[in-house]
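Examination of the molecular architecture
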Amino acid sequence: MISDPLLQQSSPVLEEGSDDDQLLRVSLGPQHPSTHGVFRMNVELDGETVVRLKPVFGYLHRNHEKIAEGQTYLSSMPFTDRLDYICPLTNNWAYAHAVEKLAGIEVPERAEYMRVITAELTRLINHTAFAGFFLGDMGAWGSALMYAFREREKILDLFEDLTGARMMSNFMRFGGCRNDLPDGWLERCRALVDNYEPFLDEMEMFLLGNEILIARTQDVGQLPKETLINGGITGPMLRAAGVAYDIRKVDPYGIYDRFDFKMPLGEKGDCYDRLMIRFLEMRESLKILKQAIKDIPEGDFIAPKAKIRGFKPPVGEAYGRIEGPKGELGFYLVSDGTPQPYRYRVRPPSFVNLTLLEEMCVGLDIADVVIILGSVDIVLGEVDR
Amino acid sequence: MMLGNVEFEMAWLAPEQWPRLPQHLVEWLVALCGLPEWLVSIAGWFTSAGVVVGVFMGLFALLSLIERKTLARVQNRYGPNRAGWFGILQPVADGIKMLTKEDIVPAKADWLLHLLGPVLIVIPSILALGVIPYGQDWVPVPLELGLVFFFAVGAMTEIAVFVAGWASGSKFPMLGAMRAISQMVSYELPLIISALAVVMMSGTLSLPEIVESQGGYTLGFLPQWNLFTPWGLSAGVVFFIACIAEANRCPFDLPEGESEIVAGHMTEYSGFKYALFFIGEYLGLFAISALGITLFLGGWQSPLPIFDFLPSWLWFFAKLAVVIFIFLWIRATFPRVRIDQLMRFAWLCLIPIALLSLPTAAIWHYANKANNDIVAWIATMPLVLIPWVVLTVLFNRRLSPATTRTYHFAE
């Protein structure tokens, strides 16, 4: 009856005449409009209610970690852009952070500020796009997405001037950034930050009071705090459930301890809270951006002694983690003293946050599965690597 | 004027008579050839049907462009603008693309039913369009039981959707078909009950007579359309909401809910069969909007007495354009509801209100008979307002347990 071996794995108990015979087995994805790429869920449905759900991934596997072990530290840097392609600059930072820990490189002050500014702009991109995708999953025909992308384009314009690329922008280097800020860039950035607040007000007015959105998202996909912590969930998804865990606060990296910002926390941790937390976080990001743009000093954009060619970190290991827009993004590196890393491992937030998908979805409708998946906020480039 | 041996009336050329002109001309030409009387009327029927199909196919092409343009404008972009001037040739390009695409029938599909699905969805829509009064004296098929006929053929589209979903032999279409059946059966009820209120008031099932009964103006300017009475407003709103669900439009487009079940019953269709679904859907949209206009918006009646000189069919199509635009607007704005919310909305909210509009209409009728407008308004307004308020509040409670959330901030 079932020819797909993956489906057979997902349903170990299949007795003749049992209820399992009555279930409808559907493969949502990998070519499905709202699985955010090539993600696949093997779902068993009773009517429209989900009885079992098994995530299947690997369709976008690119051997990222193994490739990185065969080349120099620096040449892995452009590949990190392709992990979470919505927010390449935080990926850069996480990798640079890990290498700097490994080799003990000091980062100049101006470079730290530049990193904070680009990372927070990236967070804005990610959360804005999230709101659009989320409404798209809910069937709003891309209206919210188009408005979200209008603002994203403005930030991408800034990134284009800074790094030369709109999407796979590559900016960080070990010990600083690749180049200094172009003339007038900070003023344009300041104007963008000032204009972002009205846009957020507009989005919140349109979206968050919508009766259908509230009906679809409230009390959908919530899990107890303990389960989330045990599952290793990080990022907005964890904070929506009320757990105060933000690496910028609990393990400050860079210069985040200098800024005045807060951690918004939800209570229930359902899909509505996850959307709301992201909106609140964007406002906190704007606060950080304003402070950073005001305080940024003159100076070097990269440590003068940082070696670009022939870079060989000492023997040892290091785990560098930052608060990516989607959660804890970490790079674990083992060096054997050669120009190539001995082991290179990514801790992707999208992937870890996906692990509790079945727990969230069982017992709900197939329509809920789609928005729960949307609320987790995954990028398949990062899940599959 | 006598041309040949058959009368050609100049009155046929008046703007009011334009929709009938092809029919008149064909009848006149056939009579000119000296063919028997019964052949003349059959030729007239065929021309009449041809005009309906032709006009609405043209409107379908136009609407497919306008819809994309409207959605694009709402979404802050341009929409199709490459093919022809302002993208005016886009429907032609779409048609060519659809016609030249490969027609794929899945191996597990029942090929006959798979073919019948899209055909069955177009035919009832065209049939339903036949009984609508488009102008003062232009009803393609003036049936005595026009309303009953409309709902009878309208119900056939549900079977067509189920046939398409079942015959595809695939899972997403099956889910879509199940959704379609439950949704359409539930929403048929409020649709018919709210139409019943109109039937009660006008005392007829014939659509042209329903339009006639809405003629005239209160105080010389307010048209006496059913929508402008308490019971009519209540029934009209219910009818409109049920229309959206019947036409499978957002936010009730669950049977083809793109982000959930790919394309529902249309998943396994390609090429022109897929296009037929679109044609059927748009024609159905035209038909149900036309019925709503007939029942509640005074059909071809003009909204103000000073505009009475304009041809009646022009008013009909103007109203159609407005109603269709509202459909597009809603589609561009709302997210989709979930199936259980959809069903709850129909059974707990729409059907009670639709049922209540029946006694309200009766009270209105008897108060009006006693020639007492004020009493009629006072007696009926509470009957309309209270259920609306109570049900919306109750429904909102059930729908969303807590709409206000508090968020706190940690350092």
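Residues numbered from 1 in each chain as written. Chains lettered and ligands numbered in written order. Predicted model: local features only at pLDDT ≥ 70, side-chain atom pairs only at ≥ 80, totals over all residues.

**Some thoughts on the overall build of chain A**
Condition: By the criteria applied, helices consist of DSSP H or I runs no shorter than four residues and strands consist of E runs no shorter than two, each listed in order from the N terminus. The globule rule used here is 2.2 Å times the number of residues to the 0.38 power, and the radius of gyration it is set against is calculated over C-alpha atoms. Burial is judged by counting the other C-beta atoms within 10 Å of a residue's own C-beta: 20 or more makes it buried, 12 or fewer makes it exposed, and any count in between marks it as partly exposed, with every C-beta position built from the backbone. What counts as a contact here is a pair of residues whose C-beta atoms, placed from the backbone, lie within 7 Å.
A tally of regular secondary structure across chain A gives 16 helices and nine strands. Taken against the 2.2 N^0.38 rule, which gives 21 Å for 385 residues, the C-alpha radius of gyration of chain A at 22 Å falls within 12% of a compact globule. Taking the principal axes of its C-alpha atoms as reference, chain A extends roughly 75 × 50 × 35 Å. The buried share of chain A, taken over its 385 residues, is 51%. Of the contacts made within chain A by residues no fewer than 6 positions apart, 71% connect residues no fewer than 24 positions apart.

**Examining the packing of helix H10 (residues 271-296) of chain B against helix H11 (residues 312-333) of chain B**
Each pair of packed helices gets described by two things: the angle between the helix axes and the distance between those axes. Residues and elements named next belong to chain B. This is how the line gets drawn: The axes used here are C-alpha line fits, helices contributing only the stretch in contact, and every angle between their N-to-C directions lies in the interval 0 to 180 degrees. Each crossing gets its handedness from the near helix: less than a right angle anticlockwise from the far helix is left-handed, clockwise is right-handed. When residues are grouped by polarity, Ala, Val, Leu, Ile, Met, Phe, Trp, Tyr, Cys and Pro land in nonpolar, Asp, Glu, Lys and Arg in charged, and all others, Gly among them, in polar.
Put simply, H10 and H11 touch, their axes get as near as 10 Å, and they point 115° apart. For the crossing formed where H10 meets H11, the hand is right-handed. For the pair formed by H10 and H11, the contact residues are Leu285, Ser289, Ala290, Gly292 and Ile293 on the first element and Phe316, Lys319, Leu320, Val323, Ile324 and Phe327 on the second. A per-class count over the contact of H10 with H11 returns eight nonpolar, two polar and one charged.

**Describing the domain arrangement of chain B**
Residue and element names in this part refer to chain B. Our working rule: Source of the domain bounds: an automatic or database domain assignment.
Parsing chain B into structural domains produces domain 1 (1-96) and domain 2 (101-397). Of note, the centres of domain 1 and domain 2, computed from C-alpha atoms alone, are 24 Å apart. On the side of domain 2, 18 residues touch domain 1, which itself brings 19 residues to the contact. For the side of domain 1 that touches domain 2, the class distribution of residues is 12 nonpolar, four polar and three charged.

**Let's talk about the nonpolar core**
The tendency in soluble globular proteins is for nonpolar side chains to be buried side by side. Selection rule: Each nonpolar core comprises buried Ala, Val, Leu, Ile, Met, Phe, Trp, Tyr and Cys residues, the members being joined through C-beta atoms within 7 Å.
In this structure, A:Val369 and B:Phe239 are the most contacted members of the largest nonpolar core, which totals 155 residues. Beyond its immediate stretch of four places on either side in the chain, A:Val369 contacts A:Met41, A:Val43, A:Val50, A:Leu53, A:Cys361 and A:Leu364. Of all hydrophobic cores here, the second largest spans 50 residues; its members include A:Ala94, A:Ile125, A:Phe171 and A:Met282.

**Some details on the domain arrangement of chain A**
Per the domain assignment, the segments making up chain A are domain 1 (5-56) and domain 2 (106-306). The distance between the C-alpha centroids of domain 1 of chain A and domain 2 of chain A comes to 34 Å.

**Focus: the interface of chain A and chain B**
Selection rule: Two strands qualify as a pair provided that DSSP identifies no fewer than 2 bridges between them.
Listed as interface residues are 39 residues of chain A and, on the opposing side, 35 residues of chain B. Secondary structure elements with two or more residues in the side of chain A that touches chain B: strand S1 (24-28), helix H5 (109-137), helix H6 (143-163), helix H8 (211-217), strand S6 (263-265), helix H12 (271-295) and helix H15 (366-376) of chain A. Alignment of S6(A) against strand S5 (residues 408-410) of chain B, held across three bridges, turns out to be antiparallel. When the sheet's bridge partners are listed, A:Leu265 is paired in S5(B) with B:His408.

**Re the pairing of strand S9 (residues 341-347) of chain A**
Two strands pair when backbone bridges link them, and strand S8 (residues 327-335) of chain A and S9(A) are joined in this way by six bridges, in the antiparallel orientation. Residue pairing for S9(A): A:Phe331 is matched across the bridge by A:Val346.

**Notes on the sheet that holds S8(A)**
Residue and element names in this part refer to chain A. The antiparallel open sheet is built from three strands, whose spatial order is S7-S8-S9. Taken across any chain shown, the strands that pair with only one partner, and hence form the sheet edges, are strand S7 (316-324) and S9. Pairwise comparison of adjacent strand axes, ignoring direction, gives a mean angle of 10° for this sheet. Across nine bridges, the pairing between S7 and S8 is antiparallel. Bridging across to S8, Glu317 finds its partner in Val334.

**Description of the confidence of the model for chain B**
Cut-off, in case you're wondering: As a per-residue measure, pLDDT reflects the predictor's confidence and takes values from 0 up to 100.
The pLDDT averaged across chain B works out to 82; a share of 95% of its residues lies at or above 70. Taken over the whole predicted complex, pTM reads 0.84, whereas the ipTM for its chain interfaces reads 0.79.

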